[in-house]
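Structural overview for review
Chain by chain, the residues run as shown.
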Amino acid sequence: MDIDDQSIFDAITHLANGARRLPLVDEGEVVTVVSPSLFVRYIAENVAAPEFADILKLTVGERPAKEVVSIRGDAMVAEALLLMSSKNVSSCAVVDGNGKLYSTFTLKDLRLITCSRSFLKLFKTVDEYILDVRRRSARAIFPAIH
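This report concerns the structure included in the present document. (Residues numbered from 1 in each chain as written. Predicted model: local features only at pLDDT ≥ 70, side-chain atom pairs only at ≥ 80, totals over all residues. Heavy atoms only, no water.)

What follows covers the sheet that holds strand β4 (residues 91-95). Overall, mixed pairing links the three strands, which are arranged β3-β4-β5 in an open sheet. Every interior strand has two partners, whereas the edge strands, β3 (70-72) and β5 (101-106), have only one. Shown here is a sheet whose adjacent strand axes are inclined to one another by a mean of 35°, direction ignored. In terms of strand pairing, β3 meets β4 through three bridges, oriented parallel. Looking across to β4, one finds that Arg72 is bridged to Val95. (Pairing = 2+ DSSP bridges. Helix = DSSP H or I, 4+ residues; strand = E, 2+ residues; numbered from the N terminus. Axes fitted to C-alpha atoms, helices over the stretch in contact; angles between N-to-C directions.)

So, in structure tokens, the structure goes:
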């Protein structure tokens, strides 16, 4: 996306239509890559204008409903990835046998597979994998000193 030719609305539209990141190009050079979180921060910091007051007063529950993509915790990670790919989403709800939500699984969780290069983790259950990710995250946040 050439930064001189695109509006913020254009960029948000690309993201809303499934783009995960947008490389910004200036004179043929990539100058940065933006993500949806950049626009969320921008809106939170800059959209207090009176003309947006009605929109900003809406509750989360009043927003248009979207299909919830969910998977059972006993499904394999590979199944979750296929589901997210087919539904073009970056996360899914993890539910128990009764359909009750107890966790989420996101593409960001896949760092463990790519960092460790252990593709056998694709054949773990979503529950096992999430537990492993959380254990590793806790070790990163609270490392032991030997």
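Here Val133 is to be found in helix α6 (residues 126-141). The spacing of Val133 and Arg111 is 22 residues in sequence and 8.8 Å in space, taken between C-alpha atoms. For Val133, the contacting residues outside a window of four places in its chain are Asp109 and Leu112. (Contact = heavy atoms within 4.5 Å.)

A word on a nonpolar patch on the surface. On the surface, Ile8, Ile12, Tyr42 and Ile43 cluster together into a nonpolar patch covering about 330 Å² of accessible area. Counting residues per element, the ones that place at least two in the nonpolar patch are α1 (8-16) and α2 (36-46). Structurally, the position occupied by Ile43 is in helix α2. (Patch = residues over 30% accessible without salt bridge, like charges linked within 9 Å, V, L, I, M, F, W, Y side chains within 5 Å. Areas by Shrake-Rupley, 256 points an atom, 1.4 Å probe, with all protein chains shown as cover. Salt bridge = Lys/Arg side-chain N within 4 Å of Asp/Glu carboxyl O.)

On to the pairing of β4, then. Within β4, four of the five residues are buried, which leaves it mostly tucked inside the rest of the structure. Read as a crossover between parallel neighbours, the route from β3 over helix α4 (residues 77-87) to β4 is right-handed. As judged from the five bridges shared by β4 and β5, these two strands associate in the antiparallel manner. If you follow Val94 over to β5, its bridge partner there is Ser103. (Buried < 20%, exposed > 50% of the residue type's maximum accessible area, 1.4 Å probe, protein only. Right-handed = clockwise from strand over helix to strand, strands pointing away.)

Time to look at the packing of aromatic side chains. Each aromatic ring pair is characterised by the separation of its centres together with the angle its planes make. Counted according to the given criterion, the structure contains one aromatic pair. Ring plane angle 70° and centroid distance 5.9 Å describe the contact between Phe105 and Tyr129, whose orientation is recorded as edge-to-face. Here Phe105 is found in strand β5, whereas its partner Tyr129 is found in helix α6, with 24 residues between them in sequence. Here Phe105 and Tyr129 have matching classes, each one buried. (Phe/Tyr/Trp six-rings, centres within 6.5 Å; stacked < 30°, edge-to-face > 60°.)

Below, the discussion takes up the layout of surface pockets. Considered as a void within the structure, the largest pocket measures approximately 660 Å³ in volume. Considering the residues around the largest pocket, the lining is formed by 22 residues, among which Arg20, Lys66, Val89, Ser90 and Ser91 are closest to the centre. Those elements that place two or more of their residues in the lining of the largest pocket are α1 and β4. When its residues are assigned to classes, the lining of the largest pocket shows 10 nonpolar, six polar and six charged. (1 Å grid on protein atoms, 1.4 Å probe; cavity = no way out; pocket = protein on both sides within 12 Å on 5 of 7 lines; lining within 4 Å. Points joined across faces, edges and corners; volume = space filled by probe spheres on them. Nonpolar A, V, L, I, M, F, W, Y, C, P; charged D, E, K, R; others polar.)

Note on placement: Asp132 falls in helix α6. When neighbours within four sequence positions are excluded, Asp132 is seen to be in contact with Leu112, Lys121 and Lys124.

Keep in mind these numbers describe shape, not what the thing actually does.
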